[in-house]
Amino acid sequence: MPRARIRTAACAAALAATVSASPAGAAAPAAGAAEAAAGGAATAAEAAAGEAATAATAPAGTGPRSVSGQGAGTDTATPPAPHGIRWGDCPEKPVPADMRCATLTVPLDHDDPAKGTTHVALAKIPASAPGHGRGHGRLGSLLLNYGGPGAPGIASLAADPTLFAKLGERYDLIAFDPRGVGLSDPVSCGGVQEADSGTQPADPGDPATQLAALRAEARRCERHSGRVLPYIGTVHVARDLDDIRRALGEKKLDYLGFSYGTRLGAVYAALYPKTTGRMVLDGVDTLTEPFTEQALASARGQQRALDAFLTWCAHQDHCVYGTNTRTAKEKVAALVARLDEHPMTGTGGTPFTGDDAVLAIGSALYSTTTWPDLADALDRAERDDDPTGLEQLLAPPETPPSGTPSKVPADNALAALTAVNCADDPDRGNDKDAPAAIAQEIGGLSAQFREASEIFGPRQLMTLLSCYGRPAGTDFIRRIDHPGAPRMLLVGTRGDPATPYEWTEETARRLGSAVIIDHKGDGHTGYPSSACVRDYVDGFLIDGHLPAGTRACPAGE
């Protein structure tokens, strides 16, 4: 993630700071107050530990009314098949030699096609070795979603198709940029330059000033995103997904979704149980928890992941925090507090704050392969007052020199992240309340979030206002309950910092047709890091083999 970020999190941070020193006897917040978007399950992973971006929301109540029971959703009212897909060259390079791209036109509003259309960008890598004879032919199309919300699927597939090499032998691998993301009519809030322009508030700790800044950010998003913005949200994307399925000529949707992609898969299964094929959800999102509980669970999950890292570090030579993991945790918290008071000087003379450090640490916890880099970065920060290593953990991947310059706005991922999360959840505080009352309500949660994690809790608390003033989103996802979809495979990782394992169990109960793989390892999602998980997933997607009951994959296997 770039160091320059939209100011929304800073506004919420200042508001939280205003009330962090509230008297012990301050009134507790009213139920549901200030519960909002960017703290959700997948958001922490794809937005570097849950930093909030801002955008407008979809109207409340979008999507079908029926969400439970056999035949739920829109299966009984299948619209005409969209036009076939014409594959051609990909607009952005580099891509694998055999990757082809296309654009599919879909309704802005599937319930009211007269409102116009938008575009969904697609990419395909054809099956590499479908073989011949019975049981070895091409299986069809496997749609992939890498997470987010706000993550472009096409760029992700182009960057590393080898992860799915076995699946790619018999499936055409299909990636897509969800509406409003990447090459699919991307939304924007004006870019980081505009978001950071202008003068700073005279009193950045004043709640009225901060809440006004959040409203202004929403207006920027509306101004720069065009007509697609009110129609962003997972229910809309799931219906696009069915248009993609039909345009590909597939009778059923075979699907592999990670992190936010598990929310999308669950919504598709609720809308279209009869056309749900072999579905795998890895790094499973919650369908039911309000945003306050999601943010608390994310803080706890990140803290568990940090504890696992510090235990690992304690067994390495020259760990800057030594071998005592209890004091190590205290020292990390002290580093963050110190940087909040006295930022280090970062690249180009920019201040590197405690918030930056938390984001860098959180992002490095998503894969154990980055733990050595995190250990080195913390060593440099502690011993030399050098934040360069932590800065590098936040830096976006560089575009290869031969790459085609992207036309996607720099802030698209952050703008889309919050737009989708706000559209997906009905929780809102009462934005008609006086700013001081809203600040007091947020302050009443401060101790609970610090108890969840001294390091990550305060930053997760910041996210609760990122949907402030936006219309409530749909309650469709909250109401998913045994939709009648076929059995599917869910993967939960015990040390996942973004999607706690308990969400896997909760979503399995909601879907009512799920088998769980209990991955005992660390990091976000299991398929990329665990051969055991890959064996289960590939076996199900290729051969239809699905174990009975929960199965375990040990750490490191």
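To start, this report covers the structure provided alongside it. (Residues numbered from 1 in each chain as written. Predicted model: local features only at pLDDT ≥ 70, side-chain atom pairs only at ≥ 80, totals over all residues. Heavy atoms only, no water.)

**Quick look at the state of the cysteines**
One pass over the full model with this rule turns up 5 disulfides. In this model, Cys 189 is linked to Cys 221 through a disulfide, with the two sulfur atoms separated by 2.0 Å. Every disulfide takes its handedness from the sign of the S-S torsion; for Cys 189 and Cys 221 that torsion is 95°, giving right-handed. Pair noted here: Cys 189 is in the loop between strand S4 (171-177) and helix H5 (191-195) and Cys 221 is in helix H6 (residues 207-225), with a separation of 32 residues, a long-range link. For the pair shown, Cys 189 and Cys 221 are each scored as buried. For the chain, the bonded cysteines pair up as 1-2, 3-4, 5-6, 7-8, 9-10 when numbered in the order they occur along the sequence. (Disulfide = S-S within 2.5 Å. Helix = DSSP H or I, 4+ residues; strand = E, 2+ residues; numbered from the N terminus. Buried < 20%, exposed > 50% of the residue type's maximum accessible area, 1.4 Å probe, protein only.)

**Let's talk about the pattern of salt bridges**
All told, the structure shown has 26 salt bridges when counted by the stated rule. Of the charged contacts, one joins Glu 250 and Arg 138 as a salt bridge, the two residues approaching to 3.7 Å between their closest N and O atoms. In this pair, Glu 250 sits in the loop between helix H7 (234-248) and strand S5 (253-258) while Arg 138 sits in the loop between strand S2 (117-125) and strand S3 (140-145), placing the two residues 112 residues apart along the sequence. Classification of Glu 250 as buried rests on a relative accessible area of 18%. (Salt bridge = Lys/Arg side-chain N within 4 Å of Asp/Glu carboxyl O.)

**Quick word on the sheet that holds strand S1 (residues 100-107)**
If you trace the 9 strands from one edge of the open sheet to the other, you get S1-S2-S4-S3-S5-S6-S9-S10-S11, paired in mixed fashion. If you trace the sheet from one side to the other, it starts and ends with S1 and strand S11 (551-553), each paired once. Direction aside, neighbouring strands of the sheet carry axes that sit 20° apart on average. One ladder, built from 3 bridges, connects strand S10 (residues 514-522) with S11; its direction is parallel. Bridge pairing links Ile 517 to Arg 551 in S11. Each of S3, S4, S5, strand S6 (276-282) and strand S9 (488-495) touches helix H8 (residues 260-271); the most contacted strand, S6, lies at about 150° to it. (Pairing = 2+ DSSP bridges. Axes fitted to C-alpha atoms, helices over the stretch in contact; angles between N-to-C directions. Contact = heavy atoms within 4.5 Å.)

**Some words on unusual backbone geometry**
In this structure, Pro 94 follows Lys 93 across a cis peptide bond, with omega equal to 0°. Along the chain, Pro 94 falls in the loop between helix H2 (41-46) and S1. Look at the link from Gly 148 to Pro 149: it is a cis peptide, with omega at -5°. Along the chain, the position of Pro 149 falls in the loop between S3 and helix H3 (153-159).

**Focus on the side chain of Asp 538**
Within the secondary structure, Asp 538 is located in helix H19 (residues 531-543). One buried charged residue, Asp 538, remains without a salt bridge, the closest side chain of opposite sign being Lys 166 at 4.9 Å. Look past the residues within four positions of Asp 538 in its chain and what remains in contact with it is Lys 166, Leu 167, Tyr 527 and Asp 543. (Lys, Arg positive; Asp, Glu negative; His and termini not counted.)

**Thoughts on the packing of aromatic side chains**
The description of an aromatic ring pair uses the distance of the two centres, along with the angle that the planes make with each other. Within the structure shown, the criterion is met by 8 aromatic pairs. For the ring pair Tyr 146 and Phe 164, a centre distance of 6.0 Å and an interplane angle of 70° mean the geometry is edge-to-face. One end of the pair, Tyr 146, is in the loop between S3 and H3; the other, Phe 164, is in the loop between H3 and helix H4 (165-170), and 18 residues separate them in sequence. Residue Phe 164 is classed as buried on the basis of its relative accessible area, which comes to 0%. Arranged with centres 5.8 Å apart and planes meeting at 25°, the rings of Phe 164 and Tyr 527 form a pair that is stacked. (Phe/Tyr/Trp six-rings, centres within 6.5 Å; stacked < 30°, edge-to-face > 60°.)

**Description of the packing of helix H10 (residues 325-341) against helix H11 (residues 354-364)**
Viewed as axis vectors pointing N to C, H10 and H11 meet at an angle of 140°, and their least axial separation amounts to 7 Å. Relative to H11, the element H10 is oriented oblique. Residues Val 332, Val 336, Leu 339 and Asp 340 of H10 pack against Gly 354, Asp 355, Ala 357, Val 358 and Ile 361 of H11. Split by residue class, the contact of H10 with H11 holds 6 nonpolar, 1 polar and 2 charged. (Parallel < 35°, antiparallel > 145°, perpendicular 65-115°, else oblique. Nonpolar A, V, L, I, M, F, W, Y, C, P; charged D, E, K, R; others polar.)

**Some points on empty space enclosed by the protein**
In the structure shown here, the tally under the stated rule is 3 cavities of 30 Å³ or more. Roughly 100 Å³ of volume is contained in the largest cavity. Tallied by class, residues from the lining of the largest cavity come to 3 nonpolar, 5 polar and 6 charged. (1 Å grid on protein atoms, 1.4 Å probe; cavity = no way out; pocket = protein on both sides within 12 Å on 5 of 7 lines; lining within 4 Å. Points joined across faces, edges and corners; volume = space filled by probe spheres on them.)

**Structural notes on helix H12 (residues 371-384)**
Its 14 residues give H12 an end-to-end C-alpha distance of 19 Å, which sits within 8% of 20 Å, the value for a rise of 1.5 Å per residue. Here H12 has its buried residues at Trp 371, Leu 374, Ala 375, Ala 377, Leu 378, Asp 379 and Ala 381. Buried-residue contacts for H12 involve helix H9 (291-314), H10, strand S7 (344-345), H11, helix H13 (388-394) and S10. Taken from the residues just after H12, Asp 385 is the one with a positive phi, measuring 50°. (Expected span 1.5 Å × (residues − 1).)

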